[in-house]
Amino acid sequence: MTTVTFRMEQGRVTGFTADGHSGYADTGEDIVCAAVTSAIRLTEAALNDVMGLAAPVKIREQEAYLSLRLPGALSPELDETCQILLTALMVYLSNLRDEYPEHLEVLEQDFDKI
């Protein structure tokens, strides 16, 4: 199962991790993994290449693990756009989870309470 955990701070999405293989199909044929990876890569491209953040977000990638963290000190305008993109990613992945509940889990972790 793939687990995507969104990092929440003061009501904002500040990053996420995606961990594990969905197990829907063999590597190279797994549509759930492909959908998750594609959505994450699209979000990364929007944040870095379209918005052109001064401190680009970086996806840290290891075997079956991706993570992304927003840079600090964003202007209110940039932060608002980042929130729209990351919230859209969360909604998309939640909808995908509803279609493939045995292969994808989407969580929110509130770092205000840690």
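A brief structural summary.

## Digging into unusual backbone geometry
Trans is the common state for peptide bonds, and a negative phi is the common state for residues other than glycine. Residues other than glycine seldom take positive phi values, yet alanine 64 does so here, at roughly 60°. Tracing the sequence through the fold places alanine 64 in the loop between β3 (60-62) and β4 (65-69). One non-glycine residue with positive phi stands out, namely alanine 73, at about 55°. Looking at where alanine 73 falls in the secondary structure, it is placed in the loop between β4 and α2 (76-99).

## Concerning helix α1 (residues 31-50)
In this model, α1 (20 residues) spans 26 Å end to end at C-alpha, consistent with the 28 Å of a helix rising 1.5 Å per residue. Those residues of α1 lying buried are Val32, Cys33, Ala35, Val36, Ala39, Ile40, Thr43, Glu44, Ala46, Leu47 and Asn48. Lining the buried residues of α1 we find β1 (2-9), β2 (12-19), β4, α2 and β5 (104-110). If you check the start of α1, you find a side-chain oxygen 3.0 Å away from the backbone N of valine 32, and it comes from aspartate 30. Phi turns positive, to about 60°, at glycine 52, one or two residues after α1.

## Looking at the packing of α1 against α2
Where α1 meets α2, the closest approach of the two axes is 10 Å, and the angle between their N-to-C directions is 175°. Considering the angle they form, α1 stands roughly antiparallel to α2. Judged by residue contacts, Val32, Ala35, Val36, Ala39, Ile40, Thr43, Ala46 and Leu47 of α1 engage Cys82, Leu85, Leu86, Leu89, Tyr92, Leu93 and Leu96 from α2. Taken together, the residues that form the contact of α1 with α2 break down as 14 nonpolar, one polar and no charged.

## A few points about the pattern of salt bridges
Pairing between side chains of opposite charge can happen when their charged atoms approach one another. Scanning the entire structure with this criterion turns up five salt bridges. Put simply, arginine 41 and glutamate 44 hold a salt bridge, and the shortest N to O gap is 3.1 Å. Of this pair, arginine 41 and glutamate 44 are both found in helix α1, three residues apart, which corresponds to roughly one turn of the helix. On the basis of relative accessible area, arginine 41 is assigned to the partly exposed category, the value being 30%. A relative accessible area of 18% places glutamate 44 in the buried class. Note that arginine 97 and aspartate 98 form a salt bridge whose closest N and O atoms lie 3.3 Å from each other. Relative accessible area serves as the criterion here: at 26%, arginine 97 is assigned to the partly exposed category. It is possible to trace a salt-bridge network through shared partners that takes in Arg7, Glu9 and Arg69.

## Observations concerning the nonpolar core
Formed by 28 residues in total, the largest nonpolar core has its most connected members in Val4, Phe6, Phe16, Ile40, Leu47 and Leu93. Every element with two or more residues in this core is listed here: β1, β2, α1, β4, α2 and β5. In this structure, phenylalanine 6 is in contact with Val13, Gly15, Phe16, Leu86, Leu89, Met90, Leu93, Val106, Leu107, Glu108 and Gln109, ignoring residues within four places of it in sequence.

Calculation criteria
Residues numbered from 1 in each chain as written. Predicted model: local features only at pLDDT ≥ 70, side-chain atom pairs only at ≥ 80, totals over all residues. Heavy atoms only, no water. Helix = DSSP H or I, 4+ residues; strand = E, 2+ residues; numbered from the N terminus. Expected span 1.5 Å × (residues − 1). Buried < 20%, exposed > 50% of the residue type's maximum accessible area, 1.4 Å probe, protein only. Contact = heavy atoms within 4.5 Å. Polar contact = N/O pair within 3.5 Å; in protein donor to acceptor, adjacent residues only side chain to side chain. Axes fitted to C-alpha atoms, helices over the stretch in contact; angles between N-to-C directions. Parallel < 35°, antiparallel > 145°, perpendicular 65-115°, else oblique. Nonpolar A, V, L, I, M, F, W, Y, C, P; charged D, E, K, R; others polar. Salt bridge = Lys/Arg side-chain N within 4 Å of Asp/Glu carboxyl O. Core = buried A, V, L, I, M, F, W, Y, C linked by side-chain atoms within 4.5 Å.

Geometric descriptors of this kind do not, in isolation, establish any biological role.
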